[in-house]
Amino acid sequence: MPTNNTSAYLDGDRVAELWTAVKTALAGKADLADLDGYTTPDAVATAITSALANYATNAGVQIAIAAALANYMTESEVNDAIAKAVTDAAHITFEAVDELPETGSPNVIYLMPNGKSVSNVKDEYMWIDGAWERLGSTEVDLTGYWSKQELRAMTAAELQAILV
């Protein structure tokens, strides 16, 4: 167990051990020969990650991902479904302004200085149903989060204790 107010985390070595243990545990659970001609879950994950780079998540993308994973689509079917969902998605853009315009544009988040901070903190606004709505702020409060100094790498023995 962690001591001195530190918490253990999984470093690269422990993650590799955990992944090996998971794959070993699942090895006998499915007949992989039944999946000939279909892409692997790792290939699906890679295709999804690649296709969604720099795109906001939306319901259409999530539906395409769920369908791809649920049906073990072929790799080309997965790629086609993801490409269509990304193309059909309404993409959010950001616009920095000194003051809000009279009305806003669809799918635009306006970033306006909040005037309360010496740092580069902005308030976020969208034009929704004919009125300005404040979404939040770019200010980040890390109070209560652990720092790197408060963490230590989990030992192999601690990982083994979890896997038992």
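To be clear, the structure that these remarks concern was listed above.
Residues numbered from 1 in each chain as written. Predicted model: local features only at pLDDT ≥ 70, side-chain atom pairs only at ≥ 80, totals over all residues. Heavy atoms only, no water.

J.: I would appreciate a short explanation of the overall build of the protein in the present structure.
T.: For the protein, the helix and strand inventory stands at five helices and six strands. Seen in sequence order, the protein has helices and strands lined up from the N terminus as β-α-α-α-α-β-β-β-β-β-α. In the protein, which comprises 164 residues, the proportion classed as buried is 23%. For the protein, the proportion of contacts with a sequence separation of at least 24, taken over those separated by at least 6, is 45%. (Helix = DSSP H or I, 4+ residues; strand = E, 2+ residues; numbered from the N terminus. Buried < 20%, exposed > 50% of the residue type's maximum accessible area, 1.4 Å probe, protein only. Contact = heavy atoms within 4.5 Å.)

J.: Help me out: how do you make sense of the side chain of D123 in this one?
T.: Along the chain, D123 falls in strand 4 (residues 122-128). When its relative accessible area of 10% is taken as the criterion, D123 is described as buried. With residues up to four places along the chain from it excluded, the contact list for D123 reads Y110, L111, M112, N114, R134, G136 and S137.

J.: Hey, could you run me through helix 4 (residues 75-88) in this one?
T.: Since the α-helix turns once every 3.6 residues, residues separated by three or four places project in the same direction. In this model, helix 4 (14 residues) spans 20 Å end to end at C-alpha, consistent with the 20 Å of a helix rising 1.5 Å per residue. Burial in helix 4 covers these residues: V78, I82, A85 and V86. End-on view of helix 4: buried residues confined to an arc of 95°, all on one side of the axis. Among the exposed residues of helix 4, those oriented more than 90 degrees off its buried face are D80, K84, T87 and D88. (Expected span 1.5 Å × (residues − 1). Arc of directions from axis to C-beta.)

J.: Which parts of the structure should I look at to understand the side chain of E124?
T.: Among the structural elements, E124 can be located in strand 4. Although E124 is buried, it forms no salt bridge, and the closest oppositely charged side chain is R134 at an N-O distance of 7.4 Å. Ignoring sequence-local partners within four residues, the contact set of E124 consists of I109, Y110, L111, E133, R134, L135, G136, S137 and T138. (Lys, Arg positive; Asp, Glu negative; His and termini not counted. Salt bridge = Lys/Arg side-chain N within 4 Å of Asp/Glu carboxyl O.)

J.: What should I look at first to understand the nonpolar core in this one?
T.: Considering soluble globular proteins, one finds that nonpolar side chains tend to be buried as a cluster. Among the nonpolar cores identified, the biggest contains five residues, and these are V97, V108, Y110, M112 and Y125. Among the elements that line this core, the one with the most residues is strand 3 (residues 108-113), at three residues. If sequence neighbours within four positions are ignored, V108 has contacts with T93, E95, Y125 and M126. (Core = buried A, V, L, I, M, F, W, Y, C linked by side-chain atoms within 4.5 Å.)

J.: Looking at this structure, I do not really get the sheet that holds strand 5 (residues 131-137). What am I missing?
T.: Sheet strands pair via backbone hydrogen bonds, and the direction of the pair is either parallel or antiparallel. Taking strand neighbours across the sheet as the criterion, the four strands line up as 2-3-4-5 in an open arrangement whose pairing is mixed. The two strands at the open ends of the sheet, each matched to only one other strand, are strand 2 (93-96) and strand 5. If you compare each strand with its neighbour and ignore which way they point, the axes differ by 30° on average. Pairing of strand 4 with strand 5 involves six bridges; the strand directions are antiparallel. Paired with E124 across the two strands is G136, which belongs to strand 5. (Pairing = 2+ DSSP bridges. Axes fitted to C-alpha atoms, helices over the stretch in contact; angles between N-to-C directions.)

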